[in-house]
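One-letter residues, chain by chain:
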Amino acid sequence: MRVGGEGTQLKKITIIDRRHESILRLSNDLERRGYEVRTYADEREALGEIAASRPDLVISELALRGMSGLQVLAEIRRIDPRIPVIIVTDHENTQDAIDSMSEGAYDYFPKPVDVEKALTAIEKALELRVPEARRSPPGESVEIGAAAARLIGKSPEMLEIYKRIGQVAVSDAAILIQGESGTGKELVAQAIHRNSRRRNGPFLAVNCAAIPETLLESELFGYERGAFTGAVARKAGKFEQADGGTIFLDEIGDMSLGIQAKVLRVLQDKSFERVGGRETISADTRVVAATNKSLVECMKKGTFRIDLFYRLKVVSIFLPPLRERGEDALLLAEHFIQKFNYQLVKSVRGLSPQAAELLRTYDWPGNVRELENNIQTGVLLNKTGVLIPEDFPLYLERKDGRSRPGAGPGSGDLAEAFRAILEPIFGSLSVEQRGSVYDRTIRDFEKALLRLALEKVGGNQVRASRLLGISRNTLRGRLERFREDDEAGSGRSGHEV
Ligand SMILES: Nc1ncnc2c1ncn2[C@@H]1O[C@H](COP(=O)(O)OP(=O)(O)OP(=O)(O)O)[C@@H](O)[C@H]1O
Ligand SMILES: [Mg+2]
């Protein structure tokens, strides 16, 4: 690994940690790669040193003895906002990740630290420097109300979402949240509001699909007395009511073109008129929008404005479907069991192994909402204290064949789908690879499959091998071979195969 190179100074890294084993390993690895690493157990001593020597990067624990990691982070940002700080925590915790990122941390890692992943992030951090704009304004503390509804999930996919919430919450930019139905878009919108400077202002949600167009217009922008029959007095719309706070435009893909034009104007110059009014009103309202429709498809059909799409898309969050979140379904199930035990005055203790297996392998077309409904019914009907598959509505549907878990493109005979991919390229394949079509196709297919699986689990080989149902050694061996092939290929032709 190349660090600094001759003639340049060694990059300095400061670690603040109470001797956690995985961090020791990381620190050794960093030294081996030629970085100058200093480790401190005492954060005050570390801060003194940081002020004096201005390291290139700081890695700090979140729970320290005296100060909290977030205070340390704030202190470092005061000393020199350009020093990237990576926060390490004991547990994967939603709020820690959001807090760290919204306070301007460069990245966030739960313990035990995945050393490979950390090294990649560290090297990237050392190349880029943290942009000034990410800093919170001075004097602004980012404390979070404890009563807030929590987002549950520890999968790498959700960890990315928490980080993203932390990054985007601090600005006033409009945000677009996309994701299938029931993936938690509204919960994310609330989390953004709670973690923003507007948290003490109102959060108002409007479902754009549920309200007819003329009503939606007056709902959003308000109306003047006499604007239409029944308008006996002036009424402020949601944009006005949410002044200083956030408006959540849910199902924005269903909004009519006329209203889209008005929303675009609010985004561009924060102004609008009430229905039946001439006075131009301005409101300082942040827009968070969500949709489970593909806005690209809506634009193709001409039902969504391209300019509004680009305006919203600048800051967007894509919530992954539940079936791509690994073990999160089980964590969520535990969470909902507690919730419904309380609401329904029941005392269900947990899931039977068969029930856990069912929840783990089901493909959840209705995502978290469907899981929540199944647990609710299960807790309500359960007699034994442990949920069994028969307690869940989805079990019955599955037996009926009404909803067939795994019956999407992910199960059954995939040959037809692959044929459709192969057919258009088959002609050139059989010319270029004559005599080795079979080997080449199978090998490249395997390469694509393994790399895709790895990508989906955040590069973790253990999880990828479990997902694929092959041993980790097999996976490693294959990856090694692909790498050699790639190198041999690029050596020959000068570019990747
Ligand atoms: N990560 C999560 N942790 C805990 N609860 C969740 C999570 N995600 C979703 N939920 C719960 O699942 C239900 C559906 O979530 P939400 O209404 O936010 O979904 P949505 O994406 O807005 O769905 P739709 O597109 O159908 O409106 C809610 O009861 C919400 O509290
Ligand atoms: Mg919703």
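Provided above is the structure to which this section pertains.
For every chain, the first residue of the written sequence is number 1, and numbering continues from 1 along that sequence. Throughout, the order in which chains and ligands are written sets their labels, letters from A for the former and numbers from 1 for the latter. Local features in a predicted model are, by the rule used here, given only for residues with pLDDT of at least 70; side-chain atom pairs are given and counted only at 80 or more, and totals for whole chains, interfaces and linings are based on all residues.

S.K.: Sorry if this is basic, but what is going on with the overall build of the chain here?
M.R.: From N to C terminus, the chain includes 20 helices and 16 strands. Three exposure classes are used, based on other C-beta atoms lying within 10 Å of a residue's own C-beta, which is placed from the backbone: buried for 20 or more, exposed for 12 or fewer, and partly exposed in between. For the chain, buried positions account for 31% of its 497 residues. Here the contacts in the chain between residues at least 6 apart in sequence split such that 69% fall between residues at least 24 apart. What counts as a helix is a DSSP run of H or I of at least four residues, what counts as a strand is a run of E of at least two, and both are numbered from the N terminus. In this description, a residue-residue contact is defined by the distance between C-beta atoms placed from the backbone, which must lie within 7 Å.

S.K.: Hey, could you run me through the sheet that holds strand S13 (residues 286–291) in this one?
M.R.: If DSSP finds at least two bridges between two strands, the strands pair. Spatial ordering of the open sheet is given by S7-S10-S13-S6-S14, a layout of five strands whose pairing is parallel. Of all strands in the sheet, those bounded by a partner on one side alone are strand S7 (203–207) and strand S14 (316–318). Looking at each pair of strands side by side, their axes are set apart by 15° on average, direction ignored. Two strands pair when backbone bridges link them, and strand S10 (residues 246–250) and S13 are joined in this way by four bridges, in the parallel orientation. For Leu249, the partnering residue across the bridge sits in S13 and is Ala289. Angles here are taken between N-to-C directions and fall from 0 to 180 degrees, while the axes themselves are lines fitted to C-alpha atoms, restricted in helices to the stretch in contact.

S.K.: Hey, could you run me through the site of ligand 1 in this one?
M.R.: Taken together, 16 residues are adjacent to ligand 1, and Ser181, Gly184, Lys185, Glu186 and Val368 come closest. Listed by contribution, the elements that provide at least two residues to the shell around ligand 1 are helix H7 (185–194) and helix H15 (367–381). Residues are grouped as follows: Ala, Val, Leu, Ile, Met, Phe, Trp, Tyr, Cys and Pro are nonpolar; Asp, Glu, Lys and Arg are charged; every other residue, Gly included, is polar. The residue inventory of the shell around ligand 1, partitioned by class, reads five nonpolar, seven polar and four charged. Domain delimitation follows an automatic or database domain assignment. Looking at the shell around ligand 1, you find at least three residues from each of domain 2 (171–318) and domain 3 (325–400). Any residue qualifies as near a molecule or strand once its backbone-derived C-beta atom lies within 6 Å of it.

S.K.: Would you explain the nonpolar core in this entry?
M.R.: As a rule of thumb, soluble globular proteins bury nonpolar side chains together. Core analysis: the biggest nonpolar cluster contains 76 residues, and Ile86, Ile177, Val188 and Ala289 have the highest contact counts within it. If you tally residues by element for this core, the top one is helix H6 (residues 156–169), at five residues. For Ala289, the contacting residues outside a window of four places in its chain are Ala174, Leu176, Leu249, Ile252 and Leu312. Here, a nonpolar core means buried Ala, Val, Leu, Ile, Met, Phe, Trp, Tyr and Cys residues linked by C-beta atoms lying within 7 Å of one another. Listed in part, the 21 residues of the second largest apolar core include Phe336, Leu358, Leu359 and Tyr362.

S.K.: So what exactly am I meant to see when it comes to the pairing of strand S6 (residues 175–178) here?
M.R.: Along S6, one buried face is formed by Ile175 and Ile177 and the opposite face, lined by Leu176 and Gln178, is buried too. With four bridges joining them, S6 and S13 adopt parallel strand pairing. Across the sheet, the residue bridging to Leu176 is Ala289, located in S13. Inspection of the sheet shows S6 paired to S14 by three bridges, in the parallel sense. Looking at S14, one finds that Gln178 is bridged to Phe318.

S.K.: For this particular structure, what's the right way to read the sheet that holds strand S3 (residues 57–61)?
M.R.: What links the strands of a sheet is backbone hydrogen bonding, and the strands pair in either a parallel or an antiparallel sense. Pairing in this open sheet of five strands is parallel, and the strands run S2-S1-S3-S4-S5 from one edge to the other. A strand with exactly one partner marks an edge of an open sheet, and here the two such strands are strand S2 (36–40) and strand S5 (107–110). Pairwise comparison of adjacent strand axes, ignoring direction, gives a mean angle of 15° for this sheet. Judged from the four bridges that link them, strand S1 (residues 12–16) and S3 form a sheet pairing that is parallel. What sits directly across from Ile13, in S3, is Leu57. Its contacts with the sheet place helix H2 (residues 43–53) against S1, S2 and S3, and it is angled at close to 165° to S1.

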